[in-house]
Amino acid sequence: MSSLESALREPANRVSSRAVPFWRLSAALGGLVVWVGAGLAFFLWPDRPWWGTLGLLAVALIPLGYVTVMPSLRFRIHRWEVTETAVFTRSGWLSREQRIAPLSRVQTVDSHQGALMRLFGLSTITVTTASAAGPIRIDCLDHQVALGVVAEVTRITGAAEGDAT
Amino acid sequence: MTDEEGWQRLDPRKLLLDPVKTAGQFLLPAVVAVLGVSSSGSAWPLWAVPLLVIAPIAFGVLPWVTTRYRITDTAFQQRSGLLNTKQLSAPLDRIRSVDLEASLLHRVLGLAKVQIGTGVDDTRITLDALAVPQAEELQHYLLARRTTAAAEPASESDERSPGPPPRADEAQVLARIDWSWLRFAPFSLSRLAVVAGAIGVLSQFGDELPFLDQEHLSSAWGWLSAIAIPLIVLTALVVGLVGWTVISVAGYVLQWWGLMLVRDHGLVRLTAGLVTTRSTSVEEARIRGVERTEPVLLRLVGGGELATLATGVGVGGVTKVLPPCPVQVTTDVGHTLLKEDSPLSVPLLPHGPLARRRCHVRAQWPTLGLTGLAVVPTVALDLGWWVPVLVLVALGALGVLTAEMAWRHLGHALTDLHLVAGSGALERTRTVLERDGVIGWVLRQGFFQRRLGLATLVATTAAGAERVVIRDLALGPAVALADAAVPGLLTPFLARQPNGPPPTGERPSGTSVAQG
């Protein structure tokens, strides 16, 4: 093992704080499907053995844990930064992913807003490079901030030359 | 041939090529139709016969009439279509590759199909077909124009290549087929799928054999089980082996006959093929790396394969340039292509005991799952406790073996110009990517990796499979490797160590900078 201790610092900015209720709501909407299914099974299967009840309870509890734990954890992990030379993001909640792409190699910058995201005034930015493995997503930015970032990245990449491969 | 606007048609011999090809497609249905109709005693085949002759000719003539192409000062243009005219236009400086291909029929008629790759998207412009000299002239012209039109990228590629560049007018042969390589053919299983498919088709006919019915089979069974089963198995094995050898060698000869890998005018050109000849040209500056694979059987006999990783040659971007051949040949040719003498021979830095643990744990997940699955029928059908135990032991042993191999193949290195990654379990793969071709980094830590302080480093690139994955590397060295491979990119994002070495400047000794 190497004794070398290089590490990446955190990206500078948090995502919008409205991302937490947004993640919670969308997780709850997903959980609703599970709960409805579990509830139906609970009533349509009255003569279930004890382990059936236990199983249903477990199934119903998993989304509950997800809804309560995931959004705040994710809010702590998700960070982003755009400098004059690069985009740097960190995402994930159980696993972590850090992505870096030099702005000189960026090909497109899109912002995207789903129906639910519009309700919270959030936008997601996707920065793509010439590699299919390399798109960088910044989830759940404040819509105005997102527009500013898109303009900024477009301005910097517009100045770069070459075909970015 | 050429009108006042410079539009040219395809070769008139296409008028022969297409009808023959279409007739081939028409022939079977036509014969079936005619036979079927005539046996039912109707009179219409008499006027249907000329239709069957005219239809293929008409279908064959149409593309020739409607397709035209021209070269303007800045672009290559192709116009096609009868009612909906389609015009494709490729700027000359965007042309990345010009490939020639000739099937047997093409070759009889002296024609070749030209495919032009633009690298902008996945569509390739196809000219089917031109006379061979004309096609070669076009290939030469387009690729020569590309270098003059794109003077800037050319100078950039010169910067990247150290040492004296080869003189523009002399072609350098990088590899040529050596028939002693045929000994590797049976050890390459890539053609096995084709054979398996053929056997599947043949087995359909087995039902038709007169002696394969229930009665014969059951009377034969007693005799078989007494003496002949070992004999049958042995015969099947021998037949299978001999058949496989013949098929694999024949396939090797068909695909790689006359293999020539040439570097010429800043292009790397591969020509090969016995019946269908292919000629693939890729701009040298577009080749961002190579990948050597040594499948398990091939490795037993010291063989390997080599592919180039290039940008802008359509999806994949991985072009096989050497057939199964001695590893030393792949190393030499690879180094010539890379213009550096170490990436394929430098020892890889292993990833340590934690990575080994990770490999083993990862390999045992399927064992656990499948053993769990095996418990279900054991309980349901009352099979006996040894069934899941057998599954556990067998899969567990297999898992240990593959995990150990995967760990041994795992590794990385950094040379002056290239990033080198070792991977693969059964198949040993070494991926070499030009450091300048890295267009981003992904540092990923799964839940279990995080507990061990490991990370998976992915270099994203536009070439080849568009990613080079270095798995299960300790987090510190992973960041250091990424920082050393592309100096400057990570610098603003490195954490300041209070008492450690400064993140930039001289490389700490722990980094794996191999000197070429």
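The structure presented is a predicted model; accordingly, all values stated were derived computationally and were not measured. (Residues numbered from 1 in each chain as written. Chains lettered and ligands numbered in written order. Predicted model: local features only at pLDDT ≥ 70, side-chain atom pairs only at ≥ 80, totals over all residues.)

## As for the overall build of chain B
In step 1: Broken down by element type, chain B carries 13 helices and 20 strands.
In step 2: For chain B, with 516 residues in total, the buried portion stands at 33%. (Helix = DSSP H or I, 4+ residues; strand = E, 2+ residues; numbered from the N terminus. Buried ≥ 20, exposed ≤ 12 C-beta atoms within 10 Å, placed from the backbone.)

## A few points about the pairing of strand E2 (residues 68-71) of chain B
Two faces belong to every sheet, and in a regular strand the side chains alternate between them.
All names here are of chain B.
In step 1: Relative to E2, strand E1 (residues 8-9) is paired through 2 bridges, and the arrangement is antiparallel. Among the inter-strand pairings, Arg 9 is bridged to a residue of E2, identified as Arg 68.
In step 2: With 4 bridges joining them, E2 and strand E3 (residues 75-80) adopt antiparallel strand pairing. What sits directly across from Ile 71, in E3, is Phe 76.
In step 3: The turn joining E2 and E3, which pair antiparallel and follow one another in sequence, is formed by 3 residues. (Pairing = 2+ DSSP bridges.)

## Digging into the sheet that holds E2(B)
In step 1: Strand order across the open sheet formed by 4 strands is E1-E2-E3-E4 (chain B), with antiparallel pairing between neighbours. Strands at the two margins of the open sheet, each flanked by one partner only, are E1 and strand E4 (86-91) of chain B.

## Section: unusual backbone geometry
Residues and elements named next belong to chain B.
In step 1: Along the chain, Asp 128 connects to Ala 129 via a cis peptide bond; the corresponding omega equals 15°.
In step 2: Topologically, Ala 129 is positioned in strand E7 (residues 124-131).
In step 3: Its identity as a non-glycine residue notwithstanding, Asp 472 has a phi of 50°, on the positive side.
In step 4: Topologically, Asp 472 is positioned in strand E20 (residues 467-474).

## Quick look at the packing of helix H10 (residues 352-381) of chain B against helix H11 (residues 386-409) of chain B
All names here are of chain B.
In step 1: It is at 8 Å that the axes of H10 and H11 come closest, and there the two elements cross at 160°. In terms of orientation, H10 lies roughly antiparallel with respect to H11. Two packed elements cross with a definite hand, and for H10 against H11 that hand is right-handed.
In step 2: Partitioning the contact of H10 with H11 into residue classes produces 16 nonpolar, 8 polar and 1 charged. (Axes fitted to C-alpha atoms, helices over the stretch in contact; angles between N-to-C directions. Parallel < 35°, antiparallel > 145°, perpendicular 65-115°, else oblique. Left-handed = near helix turned anticlockwise from the far one by under 90°. Nonpolar A, V, L, I, M, F, W, Y, C, P; charged D, E, K, R; others polar.)

## Focus: the nonpolar core
In step 1: Among the nonpolar cores identified, the biggest contains 116 residues, and Val114(B), Leu130(B), Leu419(B), Leu457(B), Ala478(B) and Ala482(B) are the most heavily contacted of them.
In step 2: Filtering out sequence-adjacent residues up to four positions away, Ala482(B) remains in contact with Trp441(B), Leu457(B) and Leu490(B). (Core = buried A, V, L, I, M, F, W, Y, C linked by C-beta atoms within 7 Å. Contact = placed C-beta atoms within 7 Å.)

## Digging into the environment of Val376(B)
Residue and element names in this part refer to chain B.
In step 1: Relative to the elements of secondary structure, Val 376 occurs in helix H10.
In step 2: What makes Val 376 exposed here is the crowd of 10 C-beta atoms within 10 Å.
In step 3: Remark: the alpha-carbon pair of Val 376 and Ser 188, spanning 188 residues in sequence, is separated by 39 Å.

## Side note on helix H13 (residues 475-485) of chain B
Residues and elements named next belong to chain B.
In step 1: Most of H13 sits inside the fold, with 10 of its 11 residues counted as buried.
In step 2: Residues of H13 that are buried: Leu 475, Gly 476, Pro 477, Ala 478, Val 479, Ala 480, Leu 481, Ala 482, Asp 483 and Ala 485.
In step 3: Of the surrounding elements, those touching the buried residues of H13 are strand E15 (411-414), strand E16 (418-423), strand E18 (438-445), strand E19 (454-461) and E20.

## Looking at the sheet that holds strand E5 (residues 106-112) of chain A
Residue and element names in this part refer to chain A.
In step 1: If you trace the 3 strands from one edge of the open sheet to the other, you get E5-E6-E7, paired in antiparallel fashion. At either margin of the open sheet sits one strand with a lone partner, and together these are E5 and strand E7 (136-142). When the angles between neighbouring strand axes are averaged without regard to direction, this sheet yields 20°.
In step 2: In the sheet, strand E6 (residues 122-129) pairs with E7 via 5 bridges, with the strands oriented antiparallel.

## Let's talk about the packing of helix H1 (residues 19-44) of chain A against helix H2 (residues 50-77) of chain A
How two helices sit against one another is set out by the angle between their axes and by the gap between those axes.
All names here are of chain A.
In step 1: One can describe the packing of H1 onto H2 by two numbers: an axis separation of 9 Å at closest approach and a directional angle of 180°. What the angle tells us is that H1 and H2 run roughly antiparallel.
In step 2: Of the residues in the contact of H1 with H2, the class split is 20 nonpolar, 3 polar and 2 charged.

## Re the confidence of the model for chain B
Residues and elements named next belong to chain B.
In step 1: Chain-level statistics for chain B give a pLDDT mean of 80 and a share of 77% at 70 or above.
In step 2: Segment residues 150-168: pLDDT under 50, and 14 contacts once partners within four positions in sequence are set aside and those in other chains are kept.
In step 3: Segment residues 498-516: pLDDT under 50, and 36 contacts once partners within four positions in sequence are set aside and those in other chains are kept.
In step 4: Reported for the predicted complex are a pTM of 0.77 and an ipTM of 0.89. (pLDDT = per-residue confidence, 0-100.)

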